[in-house]
Amino acid sequence: MLNAERSSMLHGILLIALFSFAAFYVGDMEWAKHLSISPMIIGIVFGMLYANSLRNNLPSTWVPGITFCAKRILRLGIIFYGFRLTIQDVSAVGMPAIVVDAIVVLVTVLGGIVLGRFLKLDRDIAMLTSVGAGICGAAAVLGAEGAINAKPYKTAVAVSTVVIFGTLAMFLYPILYRNGIFDLAPETMGIMTGSTVHEVAHVVGAGNVMGKEVSDVAIIVKMIRVMMLVLVLLVLSWWAARRTPEPDFENEVTALSQKKIAIPWFAVFFLVVIGFNSIDILPKAVVASINTVDTFLLTMAMTALGAETSFDKFKKAGLKPFVLAALLFCWLMGGGYLIAKYLVPVLL
């Protein structure tokens with residue numbers, strides 16, 4: 001019986017792996033590279049297409065394998081994400097980047113929560129959207145999902161918002177910079193880009209268009225911002241343990257379980273990996289290979305989330321998540337420019 005369950009679970013994992021390989025294949029195409037569309041984004045699209053077409057024909061015994069990808073493999077992917085970062089990245093840019101990143105993350109996350117309440121938006125969706133916009137897009141949403149145990153469709157909705165507005169920023173920032181609307185020095189523009197654009201891939205895409213001087217700074221500032229994910233996840237875990245239960249699940253068992261703080265160990269290991277990577281023991285080729293495997297793991301997690309998300313659930317969420325994401329985007333672009341224009345010169 002146990003072997004049969006494991007076999008069925010393996011079928012679900014292999015299904016997600018198959019979709020992920022397809023996402024990697026598409027992501028390697030020139031048009032996808034040109035638009036800086038990562039396999040993770042393609043994976044969630046494939047998963048959602050499957051969820052709204054062939055999912056009803058899926059044996060129910062395969063579902064645990066999909067859930068395993070959305071939960072366990074996700075955490076493993078976040079841990080190995082640390083191989084993209086080093087402590088040296090922080091020292092390379094210095095205090096201005098840390099201060100600006102901290103302001104952006106704090107205002108975006110807290111501001112998003114407040115706006116979510118004002119919009120009467122589901123609190124998990126508001127939290128996930130705010131963290132995704134404030135830190136590093138889809139990867140931050142996935143990490144936050146693991147800390148607060150949100151439903152898969154809520155995670156997919158939040159990912160969709162950060163992908164849409166992150167892509168918009170990737171195209172809009174270079175246009176505004178080239179036309180002098182963002183009248184900033186290259187290093188300052190790099191700090192603004194790295195501290196306000198959603199995805200790492202979007203920062204790379206926008207930075208490459210604006211030039212090497214902008215791109216080099218932007219990527220490092222973005223990596224510092226990613227490091228702040230650990231602290232945010234620890235706070236989210238504490239918040240999830242203290243919050244009042246949703247009305248649908250309000251009972252004594254849930255109330256008692258909510259009092260226990262579940263430390264997101266994957267976030268702690270993420271920080272440990274960053275420290276190990278900073279020692280620079282492993283050859284660059286090995287680290288590059290690990291990063292490729294990590295991207296595949298995260299693609300599997302995104303695909304699994306997509307496979308759990310039907311369009312009916314998007315309808316249930318409504319337009320409010322996208323309104324929140326749009327407001328946060330306006331803050332990141334407008335507020336980020338003012339910070340870069342007036343605060344960064346003082347810090348430098």
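## Side note on the packing of aromatic side chains
Inference 1: With the rule as written, the count across this model stands at eight aromatic pairs.
Inference 2: Between the aromatic rings of Phe-24 and Phe-296, the centroid separation amounts to 5.6 Å while the plane-to-plane angle is 65°, which identifies the pairing as edge-to-face. One end of the pair, Phe-24, is in helix α1 (residues 2-27); the other, Phe-296, is in helix α16 (residues 284-307), with 272 residues separating them in the sequence.
Inference 3: Residue Phe-24 is classed as partly exposed on the basis of its relative accessible area of 24%.
Inference 4: Judged by relative accessible area, Phe-296 falls into the buried class, the value being 17%.
Inference 5: A ring pair is formed by Tyr-173 and Phe-182, whose centres lie 5.6 Å apart and whose planes are at 75°; its orientation type is edge-to-face. The same class applies to Tyr-173 as to Phe-182, namely buried.
Inference 6: Linked through ring pairs, Phe-21, Phe-24 and Phe-296 together constitute an aromatic cluster.

## Some remarks on the nonpolar core
Inference 1: In this structure, Val-131, Tyr-173, Met-189 and Leu-236 are the most contacted members of the largest nonpolar core, which totals 107 residues.
Inference 2: Top contributing element to this core by residue count: helix α9 (residues 152-178), with 12 residues.
Inference 3: Sequence-distant contacts of Tyr-173, that is, excluding residues within four places in its chain, are made with Phe-182, Met-189, Met-192, Thr-193, Thr-196, Val-197, Met-210, Leu-332 and Met-333.

## Quick look at a nonpolar patch on the surface
Inference 1: The grouping of Leu-106, Val-107 and Leu-110 at the surface amounts to a nonpolar patch, some 270 Å² of accessible area in total.
Inference 2: Inspection of the secondary structure assignment puts Leu-106 in helix α6 (residues 95-118).
Inference 3: For Leu-106, a relative accessible area of 53% translates into the label exposed.

## What about the pattern of salt bridges?
Inference 1: Per the stated rule, a full pass over the model turns up four salt bridges.
Inference 2: Here Asp-294 and Arg-84 are joined by a salt bridge, their closest N and O atoms 3.0 Å apart. Of this pair, Asp-294 sits in helix α16 while Arg-84 sits in the loop between α4 (63-80) and α5 (87-93); the two residues are 210 residues apart in sequence, bridging distant segments of the chain.
Inference 3: For Arg-84, a relative accessible area of 28% puts it in the partly exposed group.

Criteria and thresholds
- Residues numbered from 1 in each chain as written.
- Predicted model: local features only at pLDDT ≥ 70, side-chain atom pairs only at ≥ 80, totals over all residues.
- Heavy atoms only, no water.
- Phe/Tyr/Trp six-rings, centres within 6.5 Å; stacked < 30°, edge-to-face > 60°.
- Helix = DSSP H or I, 4+ residues; strand = E, 2+ residues; numbered from the N terminus.
- Buried < 20%, exposed > 50% of the residue type's maximum accessible area, 1.4 Å probe, protein only.
- Core = buried A, V, L, I, M, F, W, Y, C linked by side-chain atoms within 4.5 Å.
- Contact = heavy atoms within 4.5 Å.
- Patch = residues over 30% accessible without salt bridge, like charges linked within 9 Å, V, L, I, M, F, W, Y side chains within 5 Å.
- Areas by Shrake-Rupley, 256 points an atom, 1.4 Å probe, with all protein chains shown as cover.
- Salt bridge = Lys/Arg side-chain N within 4 Å of Asp/Glu carboxyl O.

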